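The chain contents come next:
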Amino acid sequence: MSEEKRLDRRGFLARGFAAASTVLLGGCEELSDRDWVKRVLESGETLTRVTQEALLSPETLAREYSEADLSPDFKANGSTNPDDPAYVAHAKNGFADWKLSVGGLVETPLELSLAELRAMPSRTQITRHDCVEGWSCIGKWKGVRLSALLDRARLKAGARYLVFHCADALGSTGTEADKYYESIGLADAFHEQTILAYEMNGETLPIPHGAPLRLRVERQLGYKMAKYVMRIEAVDSLAGIRGGRGGFWEDLGYEWYAGI
Ligand SMILES: Nc1nc2c(c(=O)[nH]1)N[C@H]1C(S)=C(S)[C@@H](COP(=O)(O)O)O[C@H]1N2
Ligand SMILES: [Mo]
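Residues numbered from 1 in each chain as written. Chains lettered and ligands numbered in written order. Predicted model: local features only at pLDDT ≥ 70, side-chain atom pairs only at ≥ 80, totals over all residues. Heavy atoms only, no water.

Colleague: Give a description of the site of ligand 1 that names residues and reports values.
Modeller: Taken together, 22 residues are adjacent to ligand 1, and Lys 75, Asn 77, Asp 168, His 209 and Lys 227 come closest. With respect to ligand 1, the side chain of Asp 168 contributes an N or O atom lying 2.7 Å from a nitrogen atom. Contact distances for ligand 1 include 3.0 Å between an oxygen atom and a side-chain N or O atom of Arg 214. Protein chains shield 98% of the accessible area of ligand 1, which is 530 Å² for the free molecule. (Near = heavy atom within 4 Å. Polar contact = N/O pair within 3.5 Å; in protein donor to acceptor, adjacent residues only side chain to side chain. Areas by Shrake-Rupley, 256 points an atom, 1.4 Å probe, with all protein chains shown as cover.)

What follows is the structure in structure tokens.
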């Protein structure tokens, strides 16, 4: 793949910001003041979606880095310690009895332990995580390939999206509506770099970063990377789910396709 074809807007942004600012944020890069980043990201949204769909092949890879590039201190953001009682019980027990559920529009619903997930085809990648708030960190992720899970569960013909239901609550209504959730389309679901990570930087995924399992969908922004994934649901439409826009932040106005 040629460098031009990569159309790495992340790299472009980072180079621009690196020239403008050398501020470090806990071992990560402070990209800029938030408003500036937000404006760029917002103005680029349409372009990103269009280039993603029309110019890039679905196989286009996000840039990968080397061990030397790892951020010494990867920022943890959003929920960092879920207080859901079932989650807390699993965490106490090292997630030994925890299982991931895969259901919805699949031929074979699955319930998989961490040991079973670890035995499946995996991928390890060093990538840059860009948060919409304007910081980025480079980390190494190892996890089960989402495509391998889907090969096993076998999507039904109508399935168009995968919804990731998480253990943590960010809202304050005290209902299910507070729970974090996210969704992606099939192109990202089957993408080579899309994994459910159970390791970060060579260690078991820590709780602040989403233990026991978190999504890595490397061509999109940080808020798409659901942490504390408990259940995956294949659906034909996002309309009937929660606010109908495909994610906790999307329901509050963020873009569903958060391409970088
Ligand atoms: N379940 C859950 N997933 C989440 C969040 C969250 O609050 N809850 N925050 C999102 C945001 S905005 C970012 S930037 C990343 C942060 O991941 P990190 O804590 O590993 O840096 O997780 C994303 N996934
Ligand atoms: Mo974020």
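Colleague: Which residues make up the state of the cysteines, and what values go with them?
Modeller: Within the structure shown, the criterion is met by 1 disulfide. A sulfur-sulfur separation of 1.7 Å characterises the disulfide bridge that pairs Cys 28 with Cys 137. The S-S bond linking Cys 28 to Cys 137 shows a torsion near 105°; that makes this disulfide right-handed. Of this pair, Cys 28 sits in strand β2 (residues 28-30) while Cys 137 sits in strand β6 (residues 135-145); the two residues are 109 residues apart in sequence, bridging distant segments of the chain. Both residues of the pair, Cys 28 and Cys 137, count as buried. (Disulfide = S-S within 2.5 Å. Helix = DSSP H or I, 4+ residues; strand = E, 2+ residues; numbered from the N terminus. Buried < 20%, exposed > 50% of the residue type's maximum accessible area, 1.4 Å probe, protein only.)

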